[in-house]
Every structure is written in structure tokens, then in C-alpha cells.
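Per-entry structural report
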Amino acid sequence: MIRTEHIYKSFDEHEVLKDINLTFYPGKCNLIIGRSGAGKTVLLKILVGLLQPTSGKVFYDDTDLFSLDRKSLQKLRMQVGMLFQGSALFDSMTVEENIRFPLDMFTSLTYAEKRKRVDEVLERVELPGINDKYPSEISGGMQKRVGIARAIVLNPKYLFCDEPNSGLDPKTAITIDALIQSITYERNITTVINTHDMNSVMEIGDNIALLHQGRVAWTGSRHEVLTSDNETLQDFIFASPFLQRLREAALRHLKENE
Amino acid sequence: MNLNLFYHFGRFLLLMRAALQRPEKWSMYWKETLRQMDAIGIGSLVIVGLISVFMGAVAAVQFAYQLDGQLVPRYYIGYIVRDLAIIESAPTITCLVLAGKVGSNLAAELGGMRQKEHIDAMEIMGVNTASYLILPKLVAAVVVIPMLVTLSAFIAIIGGYLASVPTGEITNEEYIRGLRAYFDPLNVQIMYVKTVVFAFILTAVSCYQGYYVKGGSIELGKASTNAVVISDILILLADYVIALLMTS
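Residues numbered from 1 in each chain as written. Chains lettered and ligands numbered in written order. Predicted model: local features only at pLDDT ≥ 70, side-chain atom pairs only at ≥ 80, totals over all residues. Heavy atoms only, no water.

Details of the pairing of strand 2 (residues 14–20) of chain A
Residue and element names in this part refer to chain A. Of the strand pairs in this sheet, strand 1 (residues 2–11) and strand 2 are connected by four bridges, and their pairing is antiparallel. Bridging from a neighbouring strand, Lys9 pairs with Leu17 of strand 2. Here strand 1 hands over to strand 2 after two residues, with Asp12 in that stretch at a positive phi of 55°. (Pairing = 2+ DSSP bridges. Helix = DSSP H or I, 4+ residues; strand = E, 2+ residues; numbered from the N terminus.)

Given below as C-alpha cells:
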């Protein structure tokens, strides 16, 4: 479980995050949603410790992230996997070398054991046999899946995904969402996903936090999105006239069935 | 301006402290160090060879011109070319050129990694990125650049020979006599002290510029340019300080 307590973050005079109190649960897809500039990426970077908050705390279970010394932080980070928006695969390495990198750096496994582990995670993300390809030789969707494979190769307790669907077609985006969801459930990982993809919200949002102008404007699950009367949420989720009509139709349908 | 200078100097010291930590895994660092040695050393052989031939040749031709009609013996050309190559041109000119070639490359490599979130990715894995990305480069540069400078000094002396002996400025015997005249081993010490200091400066400054890149391609270009300009200025400053300290 990850918990934030009174997180504030400012850049010079500009306050980006204001009093963020959230809990992210294990075995669930925890979504941080919001419009561009709402502070989602800043919050995610604070959660993984890439940015220091101006004030406030982040707890991994009972461990205060920002009170750790470098060694303890390193230990904690070995339990963390992250999928970046642009995948962040190392261009000069093959897919296998990319996935093997954390194993090479932090384990004393033999080459054969590492290779077996790489094959396992590649199998898990449904990309067997692409070990020798370079990131530039595979599609954006495949790069995301390789990114996931690298993120889970050390069996992390916490998985962070920054805009996992950006730049992907809807079909591939659904595949990536389904993959993240199934990995989260089967390994009981605390998964935190930063997204503004509405499909992700409705499909995998077990625990959703909506950020608006740096504050938490709404929290709930995907089952509550349709019926919530929170205006900020409805403005954000059902932004287009088409989606608004769709929502009205869905609500009418629900009422008729009651 | 002054505060900015202190800010960068402080941040540079903190980066160097993080970079000089004990490696997480020696084998990974060793592999990276070998890769950097290849990139810095083998990758710079041609340019170092070329500039060294011309440095020696120009020194020989110009000193021949200046000594023309003087009472100074002609074999002094060999002596001057040798000492100039060892004390100044091989360490300083070579490192100034390497600051341009290797320094800009290091800044661009690290800056690109920063922009593509590769550094963040490693950081989240638990890697000490300052150490893993900078220490092998520092070690490789401090080991390989003195080798390049040694080679440069030899090639400069050969360049001086080619420009003065076949053209009839002096005889083969005079040039060799000049090379063997008044040899002071301290000059070789000065060359290696300079080289190690310059290698550290050009690598550390370039890595600092690249590691903290923010923004897009324009900022990356600026970081590369800054890496070269600041390295060059610091190399020349260090050249003066070392010359003062070791020759006084």
C-alpha cells in the first residue's frame, strides 16, 4: 500500500499540488486522472521519489519514502517497477539486454538463469522470441510491453505507469490496459497509473483519484463514475457532446431497469 | 551571476560525490568502462594523429624560419619541437580538441538519456545513475587520454621530422641530436600531470552539463556547447596553474 499525507508541491511561485491525501491499494489498479496540467505527472514523480514535495509525506506501507538514506532508498526501489510514457528503453541495447539490465545490476543469477527469467517475462507480455531485436525495430505497442516486462522482471511490489496508452491506437491501448490489470491482480501489486484515457478509467479503474487544479476533486471506482454527480468529474470524463448523450442514455437505461 | 556560479559549483561537487561512490556491481561498471575506453581512445585515434602531425610540422617550420640567420644552432629545431610537444602541444592542444570531440559527445549522450527518461528509469530501478553513468567515463578518460597524449607527442616529433628533414631545413643527424639534447624528465612529469587533470576536467564538466539537461533539443545543443567552452576555459586555466606550480 502507498499513502500520501498532505503533499504540497510548488515550482517557484506556482503551486502545482495542494494537500494531496490519497491511498493506493495492493492488488488494485489505482488511477490518477485529470486534465493536462492538473499535476498528475508531478504527483507520480513524487510518489516514486524522483521529485521532493515542498511539504508532506509518502509512505510505502509504513516506510516514509523521503526519510530514507540512499542505501535504504535503493533497496526500496528494487521493489518498484515503472513503465514510462515513452517506454524509456535503452536504444543501444537489445530487448533482452534491456530486460536483463536490472538482473545484471542487482542479482547474482547465472547467465542461463537470467535468460530464463527474461524469456518468462517476455512470454508473460505475449512477446516471445523478440530477444535480439532493438527498440527501434519494434512498434510503439510492443515497446510498451517490453517496458512492462522490464518493470516486472524483479517481481516488484509496486508498479507505476505514466500514461501507458499515450500514442497507441485504441485496440492496442485496450491490450496494454488488460495486461497491466492482469499482472496487478495475479501478483497482488500496488499499481498506480497516471492517465487521461477514458477507456482505462471505465475498464480498469478500481480506485480512481481525479486531480483538478492541483487538488483531489473526486475519488471513487469505475462503477461510480457514471452515477456520480461531481461536476468536475462529469466535465472531464464526458467532455464531448457525444459522450454526454451517451451518459444520459445510459442513465435512462439504468432508471428504466430499476 | 556570481550566485549562479556558486550554485553550479556546489551542484557539480555534489554530482562528483555521488559519482565517486562504490559501484553497485563491479562487473557492470567494468563493462561500461571498457566501452568508454573504446569510444574515447580508439574513436579519437585518427583526429589525435592528424592534429599531432601538423602540430609538430608547424612547430618545426616556424622555428626554422625564426632561427634563420641567427647564431642559434640548427639542431635546436629538434630540441624545441620535442619540448614543445611534451610540455604544451601534446597535452594541451590534444585535450582542447578532445574537449570538442569527446566532451560534446558525452554531454549529448547523457543529455539524450535525460530527455528520453533513461536516467529516470535507471534511478527508479535503484541504480546510482551519477556513479554508473559518470564514473566509468572518468576512469576511461583518465586512463586512455594519457595514452593518446603520449602517442600525440611521438607523432608531433615525427611530424616535425617530416617537415624539416626531407625538405632540407636540417639534416637527419641534426634533428636527432636536437631530440637528444637537454632532456629533462620533469617535462614528461609535467605532461602527465597536465593530461590527467585535463582529462578529468573535460569529462567531469561535460558529464555535468549533460546530466542536468532540461528541456528539448535546443537545450541539448546548448549543453554540448557549454561542455566544450567551459572545459576549454578550465583546461587553459589549469594549464597556467600547473605550469606555474611545476616550473617555479
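From this point, things continue past the structure.
Brief notes about the nonpolar core
Counting residues in hydrophobic clusters, the biggest one holds 53 residues, and the most contacted among them are Phe101 of chain A together with Met122, Val127, Tyr132, Ile134, Ile145 and Leu202 of chain B. If you list the elements that add at least two residues to this core, you get helix 3 (95–106) of chain A together with helix 1 (2–19), helix 2 (26–41), helix 4 (76–115), helix 5 (118–125), helix 6 (129–164), helix 8 (185–211) and helix 9 (217–247) of chain B. With 13 residues, the top contributor of residues to this core is helix 6 of chain B. Within the second largest apolar cluster, 41 residues are counted, among which are Val95, Val146, Ile152 and Phe236 of chain A. (Core = buried A, V, L, I, M, F, W, Y, C linked by side-chain atoms within 4.5 Å. Buried < 20%, exposed > 50% of the residue type's maximum accessible area, 1.4 Å probe, protein only.)

Structural notes on the pairing of strand 7 (residues 80–83) of chain A
Residues and elements named next belong to chain A. Here strand 7 shows a buried face lined by Val80 and Met82 and a second buried face lined by Gly81 and Leu83. Both strand 7 and strand 8 (residues 158–162) contribute to a ladder of four bridges, which runs parallel. If you follow Val80 over to strand 8, its bridge partner there is Tyr158.

Here we look at helix 3 (residues 45–67) of chain B
Residue pairs three or four apart in sequence face the same way in an α-helix, which turns once every 3.6 residues. Its 23 residues give helix 3 of chain B an end-to-end C-alpha distance of 33 Å, which sits within 8% of 33 Å, the value for a rise of 1.5 Å per residue. Of the positions making up helix 3 of chain B, those classed as buried are Val48, Gly49, Ile51, Ser52, Met55, Gly56, Ala57, Ala59, Ala60, Ala64 and Leu67 of chain B. (Expected span 1.5 Å × (residues − 1).)

A look at the packing of helix 3 of chain B against helix 4 of chain B
All names here are of chain B. One can describe the packing of helix 3 onto helix 4 by two numbers: an axis separation of 9 Å at closest approach and a directional angle of 140°. Taken as a pair, helix 3 and helix 4 cross one another with a handedness that is right-handed. Contacts between helix 3 and helix 4 pair Ile47, Val48, Ile51, Met55, Gly56, Ala59, Ala60, Phe63, Ala64 and Leu67 from the former with Tyr76, Ile77, Ile80, Val81, Leu84, Ser89, Ala90, Ile93, Thr94, Val97, Leu98 and Lys101 from the latter. Class assignment for the residues of the contact of helix 3 with helix 4 results in 18 nonpolar, three polar and one charged. (Axes fitted to C-alpha atoms, helices over the stretch in contact; angles between N-to-C directions. Left-handed = near helix turned anticlockwise from the far one by under 90°. Contact = heavy atoms within 4.5 Å. Nonpolar A, V, L, I, M, F, W, Y, C, P; charged D, E, K, R; others polar.)

Observations concerning helix 6 (residues 170–187) of chain A
Residue and element names in this part refer to chain A. Its 18 residues place the ends of helix 6 26 Å apart at the C-alpha level, agreeing with the 26 Å of an ideal helix rising 1.5 Å per residue. Residues of helix 6 that are buried include every one of Ala173, Ile176, Asp177, Leu179, Ile180, Gln181, Ile183 and Thr184, and no others. Positive phi appears at Asn188, one or two residues downstream of helix 6, with a value of about 55°.

With respect to the packing of aromatic side chains
Evaluation of the coordinates by the stated rule reveals 12 aromatic pairs over all chains. Aromatic side chains Tyr29 of chain B and Tyr132 of chain B sit 5.4 Å apart centroid to centroid with 75° between the ring planes, which places their arrangement in the edge-to-face category. Note that Tyr29 of chain B is positioned in helix 2 and Tyr132 of chain B in helix 6, a separation of 103 residues in sequence. The pair Tyr29 of chain B / Tyr132 of chain B is uniform in exposure class, with both members buried. Ring centres of Tyr76 of chain B and Tyr182 of chain B lie 6.0 Å apart, and the angle between their planes is 70°; on these two criteria the pair is classed as edge-to-face. With Tyr76 of chain B in helix 4 and Tyr182 of chain B in the loop between helix 7 (172–180) and helix 8, this pair connects stretches of sequence that are 106 residues apart. When its relative accessible area of 22% is taken as the criterion, Tyr76 of chain B is described as partly exposed. Residue classification places Tyr182 of chain B among the partly exposed residues on the basis of a relative accessible area of 48%. Connected via pairs of aromatic rings, a cluster forms that spans Phe90 and Phe101 of chain A together with Tyr29 and Tyr132 of chain B. Cation over ring: Arg11 of chain B sits above Tyr212 of chain B, and NZ or CZ is 3.9 Å from the ring centre. (Phe/Tyr/Trp six-rings, centres within 6.5 Å; stacked < 30°, edge-to-face > 60°. Lys NZ or Arg CZ within 6 Å of the ring centre and 35° of its normal.)

Let's talk about the pattern of salt bridges
For the structure shown, the criterion picks out 22 salt bridges over all chains. When the shortest N-O distance is used, the salt bridge between Asp91 of chain A and Lys116 of chain B registers 2.7 Å. Residue Asp91 of chain A is found in the loop between strand 7 and helix 3, and its partner Lys116 of chain B is found in the loop between helix 4 and helix 5; the two belong to separate chains. Between Asp239 of chain B and Lys194 of chain B there is a salt bridge, and its shortest N-O distance comes to 2.7 Å. You can see Asp239 of chain B sitting in helix 9 and its partner Lys194 of chain B sitting in helix 8, a full 45 residues away along the chain. Here Asp239 of chain B and Lys194 of chain B have matching classes, each one buried. Residues participating in the shared-partner salt-bridge network are Glu96, Arg100, Asp104, Lys114 and Arg115 of chain A. (Salt bridge = Lys/Arg side-chain N within 4 Å of Asp/Glu carboxyl O.)

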